[in-house]
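Fold and contact review
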Number of protein chains: 2
Amino acid sequence: MARTSLSGFPEWLPEGRIIEMHVLDELRRVFELHGFAGIETRAVESLEQLEAKGETSKEIYILERLQAIKAGACGGRAPKERGMGLHFDLTVPFARYVVDNANELDFPFKRYQIQKVWRGERPQDGRFREFTQADIDVVGNGELPFHFEVDLPLVMAQALNNLPIPPVRVLVNNRKVVQGVCESLGVTNIEAALRGLDKLDKVGPEGVASELAACGISGEQTSVLLRMAQIRTADSSEVRSRLDAIGVGGQLLEQGLDELTLLLDTARRRMPGTVVADLKIARGLDYYTGSVYESEIEGHEDLGSICSGGRYDSLAKDGKRIYPGVGLSIGVSRLVSRMISAPMVRASRKVPTAVVVAVNNEEARERSEGIAATLRARGISTDVSPSAAKFGKQIKFADRRGIPFVWFPGEDGQPDTVKDIRSGDQLEADPSTWTVPESDAFPVIEKVMD
Amino acid sequence: MARTSLSGFPEWLPEGRIIEMHVLDELRRVFELHGFAGIETRAVESLEQLEAKGETSKEIYILERLQAIKAGACGGRAPKERGMGLHFDLTVPFARYVVDNANELDFPFKRYQIQKVWRGERPQDGRFREFTQADIDVVGNGELPFHFEVDLPLVMAQALNNLPIPPVRVLVNNRKVVQGVCESLGVTNIEAALRGLDKLDKVGPEGVASELAACGISGEQTSVLLRMAQIRTADSSEVRSRLDAIGVGGQLLEQGLDELTLLLDTARRRMPGTVVADLKIARGLDYYTGSVYESEIEGHEDLGSICSGGRYDSLAKDGKRIYPGVGLSIGVSRLVSRMISAPMVRASRKVPTAVVVAVNNEEARERSEGIAATLRARGISTDVSPSAAKFGKQIKFADRRGIPFVWFPGEDGQPDTVKDIRSGDQLEADPSTWTVPESDAFPVIEKVMD
């Protein structure tokens, strides 16, 4: 990470940014391969839109024009001037965009969106206050078939498994399963049950039990909920048999189990070993209505979920229509931060440049520029030495940046030569025909072995 | 442009975003071909950094945490909470980044940066309050050779001329020329002279004259300044002879003329017809110290300069070092907005998808998914029909989005077929060998003819 004077606002050095760009390029490539259209929304939403999503209001950065503040003191600020804040995710803006443009969009509408988001965390909490998210969602007009709840997590799994990181597991649960179990048990305060279960990893079974007891959930009910929360398997029949063994049932649970079974079985056929049911997942179940997803990187479980999402029966609505949606969001900055700090990967160089053309003397700069222009026209990233210093110094310019080749314009009618400064090999070359080895054409992201 | 409820915050429909992405991809490609490294900086700077750039303070959006405002009323807001604002350009953050990371960077450091910026304009002014800029800069440690003042505007010219827009002219001037003329005339209030000349296009020569008179610049002096401001030519010797004819001279002017001559003559050799001296350019001359650049699109001069910049002898400084820089910035959103509204271009379709695989019935969905997976593994952007509706409806799904091909899985042992829905041609095809014509692989940006 680059040095910076504001905590929570990560910046990368050029070599880190190469890794981030590789990640973003790969995500975009996979999203587009699956037919998702790219959009961007403005960074700013009305405070009304942002606050509609309940308890997140504490995380909002609001905007004010400096001039307006300077003009009036405190009392002079009209409420209108306070009406805008930075988005804290890409779902709220996407829902607003869908409603704004419903007549222009074709449903079901599949979009990806890769943008910065901001959260007004307290600096001392050590969290990112600015970070990049990469989201995919599909949104329907009125209805949205279940198969998208199978398709979307698999697109994300494929995108993540294409990155130079350890294997990613997608963990899934289903709101209907958990709610069905609660109903079967006679637990009416479902939100409290979800809130308690969500803390299982942090406070342990006893902690959850005392929390649920305080909400009027009995010890017997809690014991069943905790047995449910222990179910973690890729095998749909195991999910079913273990829930049967607990002695829960009912129509909603059956429907949820059918959905979960279809998701697990299809995922197992398309991408074996990728999707696992984990019935303790409770985060987000208060607003998701069907499938819910989290994910973890093998060996980096401490990082938490780097890709989460689910199904909303009502992602957005306007006067006449309801727009159901299903989608997932990758926390790109957190992922890239770990890739760099672990380190999982390394960029083969700090610049895009494959070759530097040396300058024999300042009078001959235009000749070097001509060679560079010929190479660039052929798609080879080329720089020209900034000074006509001694060749040793010009080679050092390339070496410090990791640029593999230096081009020497021939003097006195001699042919040009190009030197691989790693091996020292120097060969005659013509800028209109010389080719750079494919592995040297652009910076390569190399996996770092343990 | 997409519909939106906040003026000044542009958003594009998917088909517009395809055009914007094409522009951004092309700019990045050209910048990287020239050896510029990509970086991003955080959206937020300290107010101190932002306000250091003088009169721009009126355009700053400052950030406050909503929670902090709700907690204390007006009096309770600590000044610290008010210390951050959104960047209004990419130069101020880049200068700060260079100082923060001076020990990690290799100088001269060439970087490109493509990001959103924000300006707290009054909504009624009809200006963009959020927009994307694409900047290139090179920054030196202590020194920076003049040749970069030739190189950088030509990189931008090449980047812009690769776009599907009319030819772009780069207009150049030089602070030393204008200051030299002023000194030669005995005009001491150079800032006033620059401010007045900058309004020439808006208020005409009489307007400028009365403005300059009010600042104590004589009629004779003004008349010479106006003759200087009329000089617009790609021919360096014409610049020189017309200044000679006006009767101005001196050492500083000579130095500026030498620089301007080198810029014009080199540009004419490398990219004939691209760079033109325009001595009325005064904007930015108060902070630029050498070459200064603007640019215009042929036939769209009313749009103003879509790419501007110049040389700073002190882009940044810290305790021990000064970092001179030269760079230019493209106003991408304004450019894309014109490309779409003119219209100059059109996207051949609204989605990346080249082919939609039809679904014969819901039971056969997995077979269609298998075909799609094979096509995607071969780099073909593929979607699967969201429903097993009648084929007519599935074809309409493709047609509405501009997707050229529909794939029909063969039934009862028949081979698969693929239909070009534009021509109606339908042929047998195998997903492991079928290739999509190159021009159909991804959306194409087509020039719109007048």
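Not measured: the values here are computed from a predicted model.

1. Remarks on the side chain of A:Thr233
Residue and element names in this part refer to chain A. Following the sequence through the fold, Thr-233 ends up in strand β8 (residues 232-233). In terms of polar contacts, Thr-233 uses its side chain to reach the backbone amide nitrogen of Asp-235, at 2.9 Å. Polar side-chain contacts of Thr-233 include one of 3.0 Å to the side chain of Glu-238. The contacts of Thr-233, once residues within four sequence positions are left out, are Glu-238, Val-239, Leu-264, Val-276 and Ala-277.

2. Observations concerning helix α12 (residues 332-341) of chain A
In terms of burial, α12(A) is largely enclosed, as seven of its 10 residues are buried. Along its buried surface, α12(A) packs onto α1 (14-33), β6 (130-139), α5 (147-161), β10 (291-297), β12 (322-331) and β13 (345-347) of chain A.

3. Some thoughts on the interface of chain B and chain A
With 91 residues of chain B in contact, the opposing surface of chain A contributes 92 residues. Inspection of the chain B/chain A interface yields 18 salt bridges. The closest approach of N and O atoms between B:Glu366 and A:Arg270, which form a salt bridge, is 2.8 Å. Viewed at the interface, chain A and chain B are joined by 43 residue pairs in polar contact (both at pLDDT 80 or more). When residues of the side of chain B that touches chain A are assigned to their parent elements, the largest contribution, eight residues, is made by helix α1 (residues 14-33) of chain B. Residues belonging to the side of chain B that touches chain A are distributed by class as follows: 38 nonpolar, 17 polar and 36 charged. Pairing of strand β3 (residues 61-65) of chain A with strand β3 (residues 61-65) of chain B involves five bridges; the strand directions are antiparallel.

4. Considering the sheet that holds strand β15 (residues 382-384) of chain B
The pairing of strands in a sheet happens through backbone hydrogen bonds and is either parallel or antiparallel. Residue and element names in this part refer to chain B. Read from one edge of the open sheet, five strands run β15-β14-β16-β17-β18, paired in mixed fashion. A single partner strand is all that each edge strand has here, and the edge strands are β15 and β18 (426-428). Between one strand axis and the next, the sheet turns by 25° as a mean value, whatever way the strands run. Here strand β16 (residues 405-408) runs beside strand β17 (residues 417-420); their pairing, made up of four bridges, is antiparallel. Directly across from Phe-405, in β17, lies its bridge partner Asp-420.

5. Here's the deal with the UniProt feature "binding site: L-histidine" (unreviewed entry) in chain A
All names here are of chain A. Following the UniProt record, the feature "binding site: L-histidine" (unreviewed entry) maps to Asp-89, Leu-90, Thr-91, Arg-119, Gln-133, Asp-137, Arg-283, Tyr-287 and Tyr-288 here. Relative to the assigned elements, Leu-90 resides in the loop between β4 (84-86) and α4 (91-100). Residues within four places of Leu-90 in sequence aside, it is in contact with Arg-111, Gln-113, Gln-115, Lys-116, Val-117, Gln-133 and Asp-135.

About the criteria used
Residues numbered from 1 in each chain as written. Chains lettered and ligands numbered in written order. Predicted model: local features only at pLDDT ≥ 70, side-chain atom pairs only at ≥ 80, totals over all residues. Heavy atoms only, no water. Helix = DSSP H or I, 4+ residues; strand = E, 2+ residues; numbered from the N terminus. Polar contact = N/O pair within 3.5 Å; in protein donor to acceptor, adjacent residues only side chain to side chain. Contact = heavy atoms within 4.5 Å. Buried < 20%, exposed > 50% of the residue type's maximum accessible area, 1.4 Å probe, protein only. Salt bridge = Lys/Arg side-chain N within 4 Å of Asp/Glu carboxyl O. Nonpolar A, V, L, I, M, F, W, Y, C, P; charged D, E, K, R; others polar. Pairing = 2+ DSSP bridges. Axes fitted to C-alpha atoms, helices over the stretch in contact; angles between N-to-C directions. UniProt positions renumbered as here; feature names shortened; annotations may be inferred.

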